[in-house]
Amino acid sequence: MSTRVVDVDLPDRAYEVRIGRGVLGEVPEHARGLLGEKAERVLVVRDTGVPQRFADELVQGLRDAGFAARVCDLTPSEAVKRVETVERLLIEAVRFGLTRVDAVISLGGGVVCDIAGFVAASYQRGIAVVQCPSTLLSMVDASVGGKTGVNLLVDGELYKNMVGAFHQPTMVVADTALLDSLDARQRRCGLAECVKHAMICQSVPDEDETHAGLLGWMQARLGAISAFDRETIDELVERNVALKASVVAGDERESPEARTGGRMLLNFGHTFGHAIETLDGVRAGDEPGLFHGEAVGLGMCCACAAAVSLGLCDDSVGASLRAMLDAVGLPTRVEGLPGSDVIVERMGHDKKAAGGSLRVILPEGLGRCSIVTDADIGAIGAGVGVIRAD
Ligand SMILES: NC(=O)c1ccc[n+]([C@@H]2O[C@H](COP(=O)([O-])OP(=O)(O)OC[C@H]3O[C@@H](n4cnc5c(N)ncnc54)[C@H](O)[C@@H]3O)[C@@H](O)[C@H]2O)c1
(Lines give C-alpha, C1' and ligand atoms only; values in the text may rest on other atoms or scores of the structure.)
Protein backbone atom coordinates (compact mmCIF):
# COMPACT_ATOMS: atom_id res chain seq x y z
CA MET A 1 0.00 0.00 0.00
CA SER A 2 1.40 3.38 -0.91
CA THR A 3 -0.05 6.52 0.61
CA ARG A 4 -0.25 9.63 -1.54
CA VAL A 5 -0.12 12.83 0.50
CA VAL A 6 -1.33 16.25 -0.61
CA ASP A 7 -0.66 19.27 1.61
CA VAL A 8 -3.25 22.00 1.99
CA ASP A 9 -0.96 24.94 2.71
CA LEU A 10 -2.98 27.35 4.80
CA PRO A 11 -1.23 29.66 7.25
CA ASP A 12 -1.83 28.34 10.82
CA ARG A 13 -4.20 25.66 9.57
CA ALA A 14 -2.15 23.53 7.16
CA TYR A 15 -3.24 19.92 6.94
CA GLU A 16 -2.63 16.74 4.99
CA VAL A 17 -4.92 14.81 2.69
CA ARG A 18 -3.83 11.17 2.81
CA ILE A 19 -4.99 9.05 -0.13
CA GLY A 20 -4.78 5.33 -0.90
CA ARG A 21 -6.22 1.89 -0.31
CA GLY A 22 -6.23 1.05 3.40
CA VAL A 23 -5.33 4.51 4.72
CA LEU A 24 -8.37 4.52 7.02
CA GLY A 25 -6.28 2.27 9.27
CA GLU A 26 -3.87 5.20 9.82
CA VAL A 27 -6.58 7.44 11.30
CA PRO A 28 -6.29 6.45 15.00
CA GLU A 29 -2.51 6.93 15.13
CA HIS A 30 -2.62 10.27 13.26
CA ALA A 31 -5.62 11.45 15.29
CA ARG A 32 -3.72 10.78 18.49
CA GLY A 33 -0.69 12.66 17.16
CA LEU A 34 -2.73 15.64 15.94
CA LEU A 35 -5.19 15.92 18.82
CA GLY A 36 -2.66 15.26 21.57
CA GLU A 37 -2.85 13.22 24.75
CA LYS A 38 -5.62 15.34 26.29
CA ALA A 39 -8.17 14.23 23.72
CA GLU A 40 -10.40 11.52 25.16
CA ARG A 41 -13.45 11.26 22.93
CA VAL A 42 -14.37 11.16 19.27
CA LEU A 43 -17.84 11.37 17.82
CA VAL A 44 -17.91 9.35 14.60
CA VAL A 45 -20.64 10.38 12.14
CA ARG A 46 -21.10 7.36 9.91
CA ASP A 47 -22.87 7.24 6.58
CA THR A 48 -25.06 4.11 6.57
CA GLY A 49 -23.98 3.51 2.96
CA VAL A 50 -20.41 2.74 4.11
CA PRO A 51 -19.94 -1.01 4.62
CA GLN A 52 -20.10 -1.80 8.34
CA ARG A 53 -16.63 -3.39 8.50
CA PHE A 54 -14.89 -0.07 7.73
CA ALA A 55 -16.72 1.65 10.59
CA ASP A 56 -16.02 -1.28 12.92
CA GLU A 57 -12.30 -1.25 12.11
CA LEU A 58 -12.09 2.52 12.53
CA VAL A 59 -13.86 2.46 15.90
CA GLN A 60 -11.76 -0.47 17.15
CA GLY A 61 -8.58 1.33 16.10
CA LEU A 62 -9.70 4.52 17.86
CA ARG A 63 -10.42 2.56 21.04
CA ASP A 64 -7.02 0.86 20.80
CA ALA A 65 -5.46 4.34 20.56
CA GLY A 66 -7.15 5.25 23.85
CA PHE A 67 -10.19 7.17 22.61
CA ALA A 68 -13.77 6.64 23.71
CA ALA A 69 -15.72 6.55 20.45
CA ARG A 70 -19.45 6.99 19.87
CA VAL A 71 -20.95 6.32 16.46
CA CYS A 72 -23.94 8.28 15.12
CA ASP A 73 -25.49 6.84 11.97
CA LEU A 74 -26.83 9.05 9.20
CA THR A 75 -28.61 7.97 6.04
CA PRO A 76 -27.69 10.84 3.73
CA SER A 77 -29.99 12.88 1.54
CA GLU A 78 -30.42 16.57 0.79
CA ALA A 79 -33.55 16.44 2.98
CA VAL A 80 -31.49 15.08 5.91
CA LYS A 81 -28.85 17.78 5.40
CA ARG A 82 -30.75 20.15 7.66
CA VAL A 83 -30.32 22.18 10.84
CA GLU A 84 -32.47 19.61 12.72
CA THR A 85 -29.89 16.89 11.99
CA VAL A 86 -27.08 19.14 13.21
CA GLU A 87 -29.02 19.81 16.41
CA ARG A 88 -29.56 16.08 16.96
CA LEU A 89 -25.82 15.44 16.62
CA LEU A 90 -24.93 18.37 18.89
CA ILE A 91 -27.24 16.94 21.55
CA GLU A 92 -25.50 13.55 21.13
CA ALA A 93 -22.14 15.30 21.56
CA VAL A 94 -23.28 16.85 24.86
CA ARG A 95 -24.66 13.50 26.10
CA PHE A 96 -21.36 11.84 25.16
CA GLY A 97 -19.38 14.50 27.06
CA LEU A 98 -17.38 15.78 24.06
CA THR A 99 -15.13 18.69 25.04
CA ARG A 100 -13.12 21.29 23.17
CA VAL A 101 -10.02 19.07 23.05
CA ASP A 102 -11.97 16.23 21.43
CA ALA A 103 -12.99 15.70 17.81
CA VAL A 104 -15.65 14.76 15.33
CA ILE A 105 -14.77 12.21 12.65
CA SER A 106 -16.87 11.90 9.51
CA LEU A 107 -17.03 8.62 7.63
CA GLY A 108 -19.21 9.16 4.63
CA GLY A 109 -20.09 10.98 1.46
CA GLY A 110 -20.40 14.73 0.91
CA VAL A 111 -23.64 15.03 2.88
CA VAL A 112 -22.06 13.47 5.97
CA CYS A 113 -18.80 15.47 5.53
CA ASP A 114 -20.78 18.74 5.29
CA ILE A 115 -22.96 17.94 8.31
CA ALA A 116 -20.16 16.54 10.51
CA GLY A 117 -17.96 19.51 9.58
CA PHE A 118 -20.68 21.95 10.59
CA VAL A 119 -21.29 20.10 13.86
CA ALA A 120 -17.56 20.42 14.61
CA ALA A 121 -17.56 24.10 13.55
CA SER A 122 -20.42 24.99 15.87
CA TYR A 123 -19.91 22.70 18.90
CA GLN A 124 -18.47 24.83 21.70
CA ARG A 125 -17.53 27.39 19.01
CA GLY A 126 -15.41 24.93 17.10
CA ILE A 127 -13.63 21.64 17.70
CA ALA A 128 -11.42 19.49 15.47
CA VAL A 129 -12.86 17.46 12.62
CA VAL A 130 -11.16 14.64 10.71
CA GLN A 131 -12.86 14.07 7.38
CA CYS A 132 -12.87 10.51 6.04
CA PRO A 133 -14.70 10.83 2.72
CA SER A 134 -16.24 7.62 1.33
CA THR A 135 -17.51 8.65 -2.12
CA LEU A 136 -15.42 9.82 -5.05
CA LEU A 137 -17.19 13.18 -4.98
CA SER A 138 -16.43 13.73 -1.32
CA MET A 139 -12.78 12.65 -1.80
CA VAL A 140 -12.06 15.06 -4.65
CA ASP A 141 -14.23 17.91 -3.44
CA ALA A 142 -16.47 18.03 -0.34
CA SER A 143 -13.95 16.88 2.29
CA VAL A 144 -11.20 19.31 1.28
CA GLY A 145 -11.30 23.07 1.79
CA GLY A 146 -13.33 23.57 4.93
CA LYS A 147 -16.76 24.43 3.54
CA THR A 148 -19.34 22.91 5.88
CA GLY A 149 -23.06 23.40 6.20
CA VAL A 150 -26.63 22.39 5.58
CA ASN A 151 -29.65 23.24 3.43
CA LEU A 152 -32.55 25.43 4.54
CA LEU A 153 -36.21 24.75 3.78
CA VAL A 154 -37.95 28.08 3.21
CA ASP A 155 -41.65 28.16 2.31
CA GLY A 156 -41.44 24.62 0.99
CA GLU A 157 -38.34 25.27 -1.14
CA LEU A 158 -34.92 23.81 -0.34
CA TYR A 159 -32.09 26.35 -0.44
CA LYS A 160 -28.84 24.40 -0.88
CA ASN A 161 -25.97 24.99 1.57
CA MET A 162 -27.61 28.19 2.80
CA VAL A 163 -26.33 27.81 6.38
CA GLY A 164 -22.78 26.92 7.25
CA ALA A 165 -19.26 27.87 8.22
CA PHE A 166 -15.71 27.68 6.96
CA HIS A 167 -14.03 25.14 9.22
CA GLN A 168 -10.89 23.46 7.96
CA PRO A 169 -10.37 19.82 8.91
CA THR A 170 -7.41 18.71 10.99
CA MET A 171 -6.77 15.96 8.46
CA VAL A 172 -8.50 14.31 5.51
CA VAL A 173 -8.13 10.57 4.94
CA ALA A 174 -9.42 9.29 1.61
CA ASP A 175 -9.34 5.49 1.62
CA THR A 176 -9.97 4.54 -1.99
CA ALA A 177 -10.88 0.96 -0.98
CA LEU A 178 -14.17 2.53 0.16
CA LEU A 179 -14.97 3.20 -3.50
CA ASP A 180 -15.27 -0.54 -4.25
CA SER A 181 -18.82 -0.61 -2.87
CA LEU A 182 -19.92 2.66 -4.49
CA ASP A 183 -22.55 2.15 -7.20
CA ALA A 184 -21.93 3.18 -10.80
CA ARG A 185 -24.18 6.25 -10.67
CA GLN A 186 -22.40 7.63 -7.57
CA ARG A 187 -19.02 6.94 -9.16
CA ARG A 188 -20.05 8.97 -12.20
CA CYS A 189 -21.17 11.82 -9.93
CA GLY A 190 -17.66 12.03 -8.50
CA LEU A 191 -16.23 12.05 -12.00
CA ALA A 192 -18.38 15.12 -12.77
CA GLU A 193 -16.43 17.15 -10.19
CA CYS A 194 -13.17 15.83 -11.71
CA VAL A 195 -14.33 17.02 -15.15
CA LYS A 196 -15.14 20.38 -13.53
CA HIS A 197 -11.58 20.62 -12.19
CA ALA A 198 -10.25 19.77 -15.67
CA MET A 199 -12.40 22.52 -17.20
CA ILE A 200 -10.86 25.18 -14.89
CA CYS A 201 -7.35 23.71 -14.65
CA GLN A 202 -5.53 26.44 -16.59
CA SER A 203 -7.09 29.20 -14.50
CA VAL A 204 -5.75 27.78 -11.23
CA PRO A 205 -2.59 29.41 -9.83
CA ASP A 206 0.05 26.83 -10.47
CA GLU A 207 3.78 27.33 -9.95
CA ASP A 208 5.00 24.06 -11.43
CA GLU A 209 2.21 23.64 -14.00
CA THR A 210 0.96 20.32 -12.64
CA HIS A 211 -2.69 21.44 -12.63
CA ALA A 212 -2.66 22.87 -16.15
CA GLY A 213 -2.06 19.34 -17.42
CA LEU A 214 -5.10 17.82 -15.68
CA LEU A 215 -7.42 18.18 -18.67
CA GLY A 216 -5.04 16.42 -21.06
CA TRP A 217 -4.22 13.77 -18.45
CA MET A 218 -7.91 12.97 -18.04
CA GLN A 219 -8.73 13.09 -21.75
CA ALA A 220 -5.94 10.55 -22.40
CA ARG A 221 -7.31 8.16 -19.75
CA LEU A 222 -11.08 8.36 -20.12
CA GLY A 223 -11.25 4.59 -20.75
CA ALA A 224 -9.35 3.66 -17.58
CA ILE A 225 -11.21 6.32 -15.61
CA SER A 226 -14.68 5.11 -16.64
CA ALA A 227 -13.58 1.49 -16.02
CA PHE A 228 -12.54 2.68 -12.54
CA ASP A 229 -9.04 1.20 -12.83
CA ARG A 230 -7.68 1.31 -9.26
CA GLU A 231 -4.27 2.86 -9.91
CA THR A 232 -5.78 5.44 -12.29
CA ILE A 233 -8.47 6.37 -9.76
CA ASP A 234 -5.90 6.81 -6.97
CA GLU A 235 -3.92 9.17 -9.20
CA LEU A 236 -7.13 10.92 -10.29
CA VAL A 237 -8.03 11.56 -6.63
CA GLU A 238 -4.51 12.82 -5.87
CA ARG A 239 -4.44 15.20 -8.87
CA ASN A 240 -7.92 16.55 -8.15
CA VAL A 241 -7.25 17.05 -4.46
CA ALA A 242 -3.99 18.82 -5.35
CA LEU A 243 -5.82 21.21 -7.68
CA LYS A 244 -8.50 21.95 -5.09
CA ALA A 245 -5.82 22.41 -2.40
CA SER A 246 -4.06 25.03 -4.56
CA VAL A 247 -7.28 26.96 -5.09
CA VAL A 248 -8.18 26.84 -1.39
CA ALA A 249 -4.67 27.84 -0.30
CA GLY A 250 -4.89 30.91 -2.53
CA ASP A 251 -8.38 31.99 -1.49
CA GLU A 252 -9.53 30.19 1.65
CA ARG A 253 -12.82 32.05 2.12
CA GLU A 254 -13.99 32.59 -1.42
CA SER A 255 -13.25 36.29 -1.47
CA PRO A 256 -15.36 38.27 -3.96
CA GLU A 257 -12.17 40.23 -4.78
CA ALA A 258 -10.30 37.13 -5.97
CA ARG A 259 -11.60 37.56 -9.51
CA THR A 260 -9.22 35.19 -11.24
CA GLY A 261 -7.93 31.92 -9.89
CA GLY A 262 -10.01 32.23 -6.72
CA ARG A 263 -12.23 29.73 -5.02
CA MET A 264 -15.29 30.97 -6.85
CA LEU A 265 -13.90 29.18 -9.93
CA LEU A 266 -14.81 25.90 -8.24
CA ASN A 267 -18.45 26.89 -8.66
CA PHE A 268 -18.23 26.28 -12.41
CA GLY A 269 -21.48 24.51 -13.34
CA HIS A 270 -22.87 24.92 -9.83
CA THR A 271 -25.09 28.00 -10.16
CA PHE A 272 -26.95 26.30 -13.01
CA GLY A 273 -26.59 22.90 -11.30
CA HIS A 274 -28.06 23.97 -7.95
CA ALA A 275 -31.07 25.46 -9.76
CA ILE A 276 -31.96 22.12 -11.40
CA GLU A 277 -30.69 19.64 -8.79
CA THR A 278 -33.70 19.73 -6.48
CA LEU A 279 -36.42 20.15 -9.14
CA ASP A 280 -39.28 17.65 -9.04
CA GLY A 281 -40.07 15.70 -12.19
CA VAL A 282 -36.67 15.88 -13.90
CA ARG A 283 -35.00 12.76 -15.29
CA ALA A 284 -31.69 12.22 -17.09
CA GLY A 285 -31.53 8.44 -17.20
CA ASP A 286 -33.41 5.33 -16.08
CA GLU A 287 -34.02 6.66 -12.59
CA PRO A 288 -35.93 9.85 -11.74
CA GLY A 289 -34.27 12.91 -10.21
CA LEU A 290 -30.77 14.28 -10.46
CA PHE A 291 -27.83 13.73 -8.16
CA HIS A 292 -25.45 16.58 -7.35
CA GLY A 293 -22.70 15.45 -9.75
CA GLU A 294 -25.18 14.93 -12.60
CA ALA A 295 -26.61 18.41 -12.02
CA VAL A 296 -23.08 19.89 -12.04
CA GLY A 297 -22.30 18.14 -15.35
CA LEU A 298 -25.51 19.52 -16.88
CA GLY A 299 -24.79 22.93 -15.33
CA MET A 300 -21.38 23.00 -17.03
CA CYS A 301 -23.09 22.28 -20.38
CA CYS A 302 -25.41 25.28 -19.75
CA ALA A 303 -22.44 27.48 -18.82
CA CYS A 304 -20.61 26.58 -22.05
CA ALA A 305 -23.69 27.39 -24.15
CA ALA A 306 -24.24 30.69 -22.28
CA ALA A 307 -20.58 31.59 -22.91
CA VAL A 308 -21.08 31.02 -26.65
CA SER A 309 -24.15 33.34 -26.59
CA LEU A 310 -22.03 35.98 -24.88
CA GLY A 311 -19.21 35.57 -27.40
CA LEU A 312 -16.73 34.40 -24.74
CA CYS A 313 -15.75 31.18 -26.51
CA ASP A 314 -16.79 29.00 -29.42
CA ASP A 315 -18.83 25.81 -29.28
CA SER A 316 -15.76 23.54 -29.42
CA VAL A 317 -15.42 24.04 -25.63
CA GLY A 318 -18.94 22.69 -25.03
CA ALA A 319 -18.30 19.87 -27.53
CA SER A 320 -15.13 18.77 -25.67
CA LEU A 321 -16.98 18.94 -22.37
CA ARG A 322 -19.87 16.83 -23.69
CA ALA A 323 -17.40 14.29 -25.11
CA MET A 324 -15.83 13.86 -21.65
CA LEU A 325 -19.21 13.61 -19.90
CA ASP A 326 -20.41 11.09 -22.52
CA ALA A 327 -17.26 9.00 -22.17
CA VAL A 328 -17.81 8.55 -18.43
CA GLY A 329 -21.57 8.03 -18.80
CA LEU A 330 -22.80 11.34 -17.40
CA PRO A 331 -25.95 12.93 -18.86
CA THR A 332 -25.79 16.01 -21.06
CA ARG A 333 -29.58 16.35 -21.46
CA VAL A 334 -32.49 16.20 -19.07
CA GLU A 335 -36.23 15.62 -19.40
CA GLY A 336 -38.95 17.48 -17.55
CA LEU A 337 -37.26 20.86 -17.12
CA PRO A 338 -39.57 23.82 -16.44
CA GLY A 339 -39.24 27.00 -18.53
CA SER A 340 -35.82 28.66 -18.66
CA ASP A 341 -37.28 31.69 -16.81
CA VAL A 342 -38.07 29.42 -13.82
CA ILE A 343 -34.49 28.12 -13.78
CA VAL A 344 -32.98 31.61 -14.10
CA GLU A 345 -35.19 32.78 -11.22
CA ARG A 346 -34.00 29.81 -9.10
CA MET A 347 -30.39 30.67 -10.00
CA GLY A 348 -31.01 34.05 -8.38
CA HIS A 349 -31.64 32.20 -5.08
CA ASP A 350 -28.18 30.74 -5.19
CA LYS A 351 -25.57 32.21 -2.87
CA LYS A 352 -23.41 32.90 -5.92
CA ALA A 353 -25.91 35.58 -6.96
CA ALA A 354 -24.22 38.72 -5.65
CA GLY A 355 -26.22 41.72 -4.49
CA GLY A 356 -29.11 41.21 -6.91
CA SER A 357 -27.00 40.55 -10.03
CA LEU A 358 -26.37 37.08 -11.35
CA ARG A 359 -22.79 35.90 -11.06
CA VAL A 360 -21.71 32.83 -12.98
CA ILE A 361 -18.46 31.12 -13.90
CA LEU A 362 -18.16 30.84 -17.66
CA PRO A 363 -15.50 29.32 -19.93
CA GLU A 364 -13.24 31.47 -22.09
CA GLY A 365 -11.59 28.45 -23.66
CA LEU A 366 -10.98 24.78 -22.92
CA GLY A 367 -9.59 24.56 -19.36
CA ARG A 368 -10.00 28.31 -18.77
CA CYS A 369 -12.89 29.94 -16.91
CA SER A 370 -13.61 33.32 -15.37
CA ILE A 371 -16.21 35.00 -13.18
CA VAL A 372 -18.91 36.97 -14.98
CA THR A 373 -20.97 39.35 -12.86
CA ASP A 374 -24.15 40.95 -14.18
CA ALA A 375 -24.49 38.14 -16.69
CA ASP A 376 -27.10 38.83 -19.37
CA ILE A 377 -30.27 36.95 -18.38
CA GLY A 378 -31.14 36.18 -22.02
CA ALA A 379 -27.80 34.44 -22.55
CA ILE A 380 -28.22 32.48 -19.30
CA GLY A 381 -31.69 31.33 -20.41
CA ALA A 382 -30.29 30.35 -23.81
CA GLY A 383 -27.63 28.32 -22.00
CA VAL A 384 -30.29 26.31 -20.20
CA GLY A 385 -31.86 25.39 -23.57
CA VAL A 386 -28.88 23.19 -24.50
CA ILE A 387 -29.68 20.53 -21.87
CA ARG A 388 -33.41 20.32 -22.63
CA ALA A 389 -34.27 16.83 -23.94
CA ASP A 390 -37.98 17.41 -24.56
N1 LIG B 1 -18.27 21.18 1.17
C2 LIG B 1 -17.95 21.18 -0.08
O3 LIG B 1 -16.97 21.82 -0.49
C4 LIG B 1 -18.77 20.38 -1.05
C5 LIG B 1 -18.29 20.19 -2.36
C6 LIG B 1 -19.04 19.40 -3.22
C7 LIG B 1 -20.22 18.81 -2.79
N8 LIG B 1 -20.65 19.03 -1.52
C9 LIG B 1 -21.89 18.41 -1.05
O10 LIG B 1 -21.72 17.00 -1.09
C11 LIG B 1 -23.00 16.38 -1.23
C12 LIG B 1 -22.90 15.29 -2.26
O13 LIG B 1 -21.97 14.34 -1.82
P14 LIG B 1 -21.97 12.84 -2.40
O15 LIG B 1 -22.04 12.89 -3.86
O16 LIG B 1 -20.87 12.13 -1.75
O17 LIG B 1 -23.40 12.28 -1.97
P18 LIG B 1 -23.94 11.59 -0.63
O19 LIG B 1 -23.25 12.07 0.55
O20 LIG B 1 -25.42 11.74 -0.69
O21 LIG B 1 -23.57 10.04 -0.85
C22 LIG B 1 -24.10 9.38 -1.97
C23 LIG B 1 -24.58 7.97 -1.63
O24 LIG B 1 -23.47 7.09 -1.50
C25 LIG B 1 -23.61 6.30 -0.32
N26 LIG B 1 -22.26 5.94 0.09
C27 LIG B 1 -21.35 6.69 0.74
N28 LIG B 1 -20.18 6.04 0.83
C29 LIG B 1 -20.38 4.81 0.27
C30 LIG B 1 -19.54 3.70 0.06
N31 LIG B 1 -18.25 3.72 0.40
N32 LIG B 1 -20.07 2.62 -0.53
C33 LIG B 1 -21.37 2.60 -0.94
N34 LIG B 1 -22.21 3.64 -0.80
C35 LIG B 1 -21.70 4.75 -0.19
C36 LIG B 1 -24.37 7.20 0.61
O37 LIG B 1 -25.01 6.48 1.65
C38 LIG B 1 -25.37 7.86 -0.34
O39 LIG B 1 -26.46 7.01 -0.54
C40 LIG B 1 -23.98 17.48 -1.59
O41 LIG B 1 -24.79 17.76 -0.48
C42 LIG B 1 -23.09 18.65 -1.93
O43 LIG B 1 -23.71 19.90 -1.64
C44 LIG B 1 -19.95 19.78 -0.65
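Bear in mind the structure is a predicted one, so any value in this text is a computation, not a measurement. (Residues numbered from 1 in each chain as written. Predicted model: local features only at pLDDT ≥ 70, side-chain atom pairs only at ≥ 80, totals over all residues.)

What the protein contains, in helices and strands, is 14 helices and 11 strands. In summary, the protein has a C-alpha radius of gyration of 20 Å against a globular reference of 21 Å for 390 residues, a match within 12%. A principal-axis box enclosing the C-alpha atoms of the protein has dimensions of 60 × 45 × 40 Å. In the protein, which comprises 390 residues, the share counted as buried stands at 52%. Excluding contacts between residues fewer than 6 apart, the proportion of contacts in the protein whose partners are at least 24 apart in sequence is 74%. (Helix = DSSP H or I, 4+ residues; strand = E, 2+ residues; numbered from the N terminus. Rg over C-alpha atoms; globule rule 2.2 N^0.38 Å. Buried ≥ 20, exposed ≤ 12 C-beta atoms within 10 Å, placed from the backbone. Contact = placed C-beta atoms within 7 Å.)

Looking now at the domain arrangement of the protein. Taken domain by domain, the protein consists of domain 1 (4-181) and domain 2 (184-385). Computed from C-alpha atoms alone, the centre-to-centre distance between domain 1 and domain 2 is 25 Å. Every element with two or more residues in the side of domain 1 that touches domain 2 is listed here: β1 (4-8), β2 (15-20), α5 (136-142) and β8 (157-166). Taken together, the residues of the side of domain 1 that touches domain 2 break down into 16 nonpolar, 4 polar and 6 charged. (Domains from an automatic or database assignment. Nonpolar A, V, L, I, M, F, W, Y, C, P; charged D, E, K, R; others polar.)

Glancing now at the site of the ligand. As a structural note, the neighbourhood of the ligand is formed by 29 residues, with Gly-49, Gly-109, Gly-110, Thr-135 and Ala-142 the closest of them. Mapped onto the shell around the ligand, the elements with two or more residues apiece are α4 (110-122), α5, α6 (184-200) and α11 (292-309). Of the residues belonging to the shell around the ligand, the class tally is 9 nonpolar, 14 polar and 6 charged. (Near = placed C-beta within 6 Å.)

The next point concerns the pairing of strand β11 (residues 368-372). Of all 5 residues making up β11, 4 are buried, and the element is well covered by its neighbours. Once strand β10 (residues 360-365) ends, the chain turns through 2 residues before running back antiparallel as β11, passing Gly-367 with a positive phi of about 90°. (Pairing = 2+ DSSP bridges.)

What follows deals with the sheet that holds strand β3 (residues 41-47). If you walk across this open sheet you meet the 7 strands as β1-β2-β9-β6-β5-β3-β4, and the pairing is mixed. Across the chains shown, the open sheet's two edge strands, defined by having one partner strand only, are β1 and β4 (68-74). Strand-to-strand, the axes of this sheet are offset by a mean angle of 15°, without reference to chain direction. With 5 bridges connecting them, β3 and strand β5 (residues 103-108) associate as parallel partners. Paired with Val-45 across the bridge in β5 is Ser-106. Helix-sheet contacts for helix α1 (residues 27-35) involve β3, β5, β6 (128-133) and β9 (171-175), and the interaxial angle to β6 is about 160°. (Axes fitted to C-alpha atoms, helices over the stretch in contact; angles between N-to-C directions.)

This part takes up the nonpolar core. Counting residues in each nonpolar core, the largest one holds 128 residues, and the members touching the most others are Ala-103 and Ala-303. For this core, the element with the highest residue contribution is α11, accounting for 12 residues. Domain assignment of the residues forming this core places at least three in each of domain 1 (4-181) and domain 2 (184-385). Here Ala-303 is in contact with Phe-268, Gly-269, Phe-272, Val-360, Ile-361, Leu-362, Pro-363 and Gly-383, once residues within four sequence places are set aside. (Core = buried A, V, L, I, M, F, W, Y, C linked by C-beta atoms within 7 Å.)

Turning our eyes to something else, we now look at the environment of Ala-305. Its location among the elements puts Ala-305 in helix α11. When the 23 C-beta atoms within 10 Å are taken as the criterion, Ala-305 is described as buried. In the structure, Ala-305 is positioned 11 residues away from Glu-294 in sequence and 17 Å away in space, judged by C-alpha atoms. Discounting chain neighbours no more than four positions away, the residues touching Ala-305 are Gly-318, Ala-382, Gly-383 and Val-386.

Okay, the environment of Asp-206 next. With respect to the helices, strands and loops of the structure, Asp-206 is situated in the loop between α6 and α7 (214-220). For Asp-206, a count of 19 C-beta atoms within 10 Å puts it in the partly exposed group. In this structure, the C-alpha to C-alpha distance between Asp-206 and Val-247, residues 41 residues apart in sequence, is 9.1 Å. Not counting residues within four places of it along the chain, the set of residues in contact with Asp-206 comprises His-211, Ala-212 and Ser-246.

It is worth spelling out unusual backbone geometry at this point. Backbone geometry places Asp-155, a non-glycine residue, at a positive phi of 50°. With respect to the helices and strands, Asp-155 occurs in the loop between β7 (147-154) and β8. Owing to 5 C-beta atoms within 10 Å, Asp-155 belongs among the exposed residues under this scheme. If you check the backbone angles, Asp-374 has positive phi at about 55° while not being a glycine. Mapped onto the elements of the fold, Asp-374 is located in the loop between β11 and α14 (377-385).

The next thing to look at is the pairing of β10. Across 5 bridges, the pairing between β10 and β11 is antiparallel. In the sheet register, Ile-361 faces β11, and the bridge partner there is Ile-371.

Right, let's talk about the packing of helix α10 (residues 270-277) against helix α13 (residues 340-347) for a bit. The contact between α10 and α13 brings their axes to 8 Å, and the two run at 115°. Viewed along their axes, α10 and α13 adopt a mutual orientation that is roughly perpendicular. Here α10 runs over α13; the crossing is right-handed. Facing Thr-271, Phe-272, Ala-275 and Ile-276 of α10, the residues of α13 in contact are Ile-343, Arg-346 and Met-347. Along the lines of polarity and charge, the residues of the contact of α10 with α13 split into 5 nonpolar, 1 polar and 1 charged. (Parallel < 35°, antiparallel > 145°, perpendicular 65-115°, else oblique. Left-handed = near helix turned anticlockwise from the far one by under 90°.)

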